[in-house]
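Residue-level structure breakdown
Residues per chain, in single letters:
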Amino acid sequence: MSARPIADEIKKHADLLLQWRRYLHQHPELSFKEFDTARYIVEQIEAMNLPVTITRPTPTSIVVHLVGASDGPTILLRADIDALPIQEDTDLAFKSAKDGIMHACGHDAHTAILLGVLNIVGQNAEQLKGTIRFVFQAAEEVGGGARELIRTGLLEGVDQAYAIHVSPSIPTGQYGVGYGSLMAAGEAFDVEIWGSGGHAAKPEEANDPINVAIQAITAAKQLLERKTDPLNPKLMSVTYFNAGKNNNVISDRANFGGTLRTLDVDLLQEVKSHLVQTLKHVTALYGADFRIRFETDGLPPGEPPSLALFNHDETTRIAASAIAKNLGKERITTVKPSLTGEDFAFISAIVPSTMVFVGVRNEALDAVYPLHHPKFRIDEAALEYGVAYFLSLLEELTVLERHAEV
Ligand SMILES: [Zn+2]
Ligand SMILES: [Zn+2]
């Protein structure tokens, strides 16, 4: 703990924060299918009896508008609400009640934290200057949730946007802050290669798509390494490969796929084109055919295919200063860019935005596993730190007077 205690206001919410987070953890839902989650969130907000307008611009996202007593900026605060297709492997009393679905990315915590912030700020609406748009966003994990909301006009009139993500590599009580491109632009891809199969002992009569696929994967990785700027990170991970079923028959097709990641959108386009070129040349060499499908194929014209999360200077300075002033500057950890993805990127591409990382690591509680791991768990003390951050931020933005007091 730093010199400053967490505000009484937040302490009063400690039980509710746990209750919300644990309910959500036990009842996870996959992207775009968060119907019960959305219903639960709306019920909780209605029970708060706040002067807010609750809207449902998409089937499973919720946007809550809180208008202050006087004029001021419009600030967007965003939590994501979806879970992952992972079988939970923890012994928590409130572990997932759904087979094969788990909140393994902490979105249950993000949602509980934002509910807590909404409740505290909503009860003090008379002190609020401007408008706060609380966004409970569906479908972050598969991408598309932010995109879908932006199409409904989510960002119209928004001056700044903020979000958090829990981080199991940062100890509880610390906040990770970084500037610029912090997370990757990504693109999932699926490839099918086909040609003639045949007798295992007569490869000269077949195209051997398995061999072609292996050559293509190796060549594509080599090409990425040799034909792009080595100082600009890029990654190609092949995460599945399916082909054949007999020992003595050469398969007539092979399927594989994975993801491409960069910190730079233009480089991502270059990387995609290198993969396509490699497939063209390698399949031609062996006389096989191929098809490649990218995740963003078929997007409406004018929509960006994929974007890197970008923490703007102005908003990040405000976030860092809010933490330093109200919570203690010793709580700030500098974070480095990573090639994981985050669809808050689509918001950060349109309005000045910042995502701060809230530490949830605690060895004593076994809260040490990475995001998306079946044993992932958080130190729930971080829930209060998440709320404290948002309240400090609103105070720093001077839209909320002296309420954070943390
Ligand atoms: Zn995730
Ligand atoms: Zn996440």
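Residues numbered from 1 in each chain as written. Chains lettered and ligands numbered in written order. Predicted model: local features only at pLDDT ≥ 70, side-chain atom pairs only at ≥ 80, totals over all residues.

Labelled according to an unreviewed UniProt entry, the chain appears under the name Amidohydrolase, originating from Cohnella terricola.

**Description of the overall build of the chain**
The secondary structure content of the chain amounts to ten helices and 16 strands. Taking 2.2 N^0.38 as the reference for a compact globule, 406 residues should give roughly 22 Å; the C-alpha atoms of the chain span a radius of gyration of 24 Å, in line with that estimate. Counting only C-alpha atoms, the chain reaches 80 × 40 × 40 Å along its principal axes. Out of the 406 residues in the chain, the part that is buried amounts to 48%. In the chain, of all internal contacts separated by at least 6 residues, the share reaching a separation of at least 24 is 79%. (Helix = DSSP H or I, 4+ residues; strand = E, 2+ residues; numbered from the N terminus. Rg over C-alpha atoms; globule rule 2.2 N^0.38 Å. Buried ≥ 20, exposed ≤ 12 C-beta atoms within 10 Å, placed from the backbone. Contact = placed C-beta atoms within 7 Å.)

**Some thoughts on the domain arrangement of the chain**
Entries for the chain in the domain assignment read domain 1 (8-183 + 309-396) and domain 2 (185-294). Each side of the interface is counted separately: domain 1 has four residues, and domain 2 has six residues. A class-by-class count of the residues in the side of domain 1 that touches domain 2 yields two nonpolar, two polar and no charged. (Domains from an automatic or database assignment. Nonpolar A, V, L, I, M, F, W, Y, C, P; charged D, E, K, R; others polar.)

**A short note on helix 2 (residues 14-26)**
Its 13 residues give helix 2 an end-to-end C-alpha distance of 18 Å, which sits within 8% of 18 Å, the value for a rise of 1.5 Å per residue. Along helix 2, the residues classified as buried are Leu-17, Trp-20, Arg-21, Leu-24 and His-25. Buried positions in helix 2, seen along its axis, are confined to an arc of 130° and lie on one side of it. Contact partners of the buried residues in helix 2: helix 3 (35-48), helix 4 (107-123) and helix 10 (382-396). (Expected span 1.5 Å × (residues − 1). Arc of directions from axis to C-beta.)

**Concerning the sheet that holds strand 13 (residues 289-294)**
The pairing of strands in a sheet happens through backbone hydrogen bonds and is either parallel or antiparallel. The antiparallel open sheet is built from four strands, whose spatial order is 10-12-8-13. The strands lining the two open edges of the sheet, one partner per strand, are strand 10 (234-243) and strand 13. Put simply, the sheet's adjacent strands are angled 20° from each other on average, direction ignored. The pairing of strand 8 (residues 185-194) with strand 12 (residues 253-262) spans ten bridges and is antiparallel. Pairing of Glu-187 across the sheet is with Leu-260, part of strand 12. Where helix 6 (residues 209-227) meets the sheet, it contacts strand 8, strand 10 and strand 12, and its direction lies at approximately 175° from that of strand 10. (Pairing = 2+ DSSP bridges. Axes fitted to C-alpha atoms, helices over the stretch in contact; angles between N-to-C directions.)

**Here we look at the UniProt feature "domain: Peptidase M20 dimerisation" (unreviewed entry) in the chain**
Using the residue numbers shown here, the UniProt feature "domain: Peptidase M20 dimerisation" (unreviewed entry) corresponds to residues 189-282. End-to-end, the C-alpha atoms of residues 189-282 are 17 Å apart, and along that stretch the chain is 39% helix and 32% strand. (UniProt positions renumbered as here; feature names shortened; annotations may be inferred.)

**Topic: unusual backbone geometry**
One non-glycine residue, His-372, lies in the positive phi region at around 70°. With respect to the helices and strands, the residue His-372 is situated in the loop between strand 16 (353-361) and helix 10. Residue classification places His-372 among the partly exposed positions, given that 13 C-beta atoms sit within 10 Å. Backbone geometry at Thr-398 places phi at a positive 55°, although glycine is not the residue there. Looking at the secondary structure, you find Thr-398 in the segment after helix 10.

**Some words on the environment of Ala-254**
Examined against the element boundaries, Ala-254 turns out to sit in strand 12. Separated by 59 residues in the primary sequence, Ala-254 and Gly-195 have C-alpha atoms spaced 9.3 Å apart. Here Ala-254 is in contact with Ile-193, Pro-209, Ile-210, Ala-213 and Ala-243, once residues within four sequence places are set aside.

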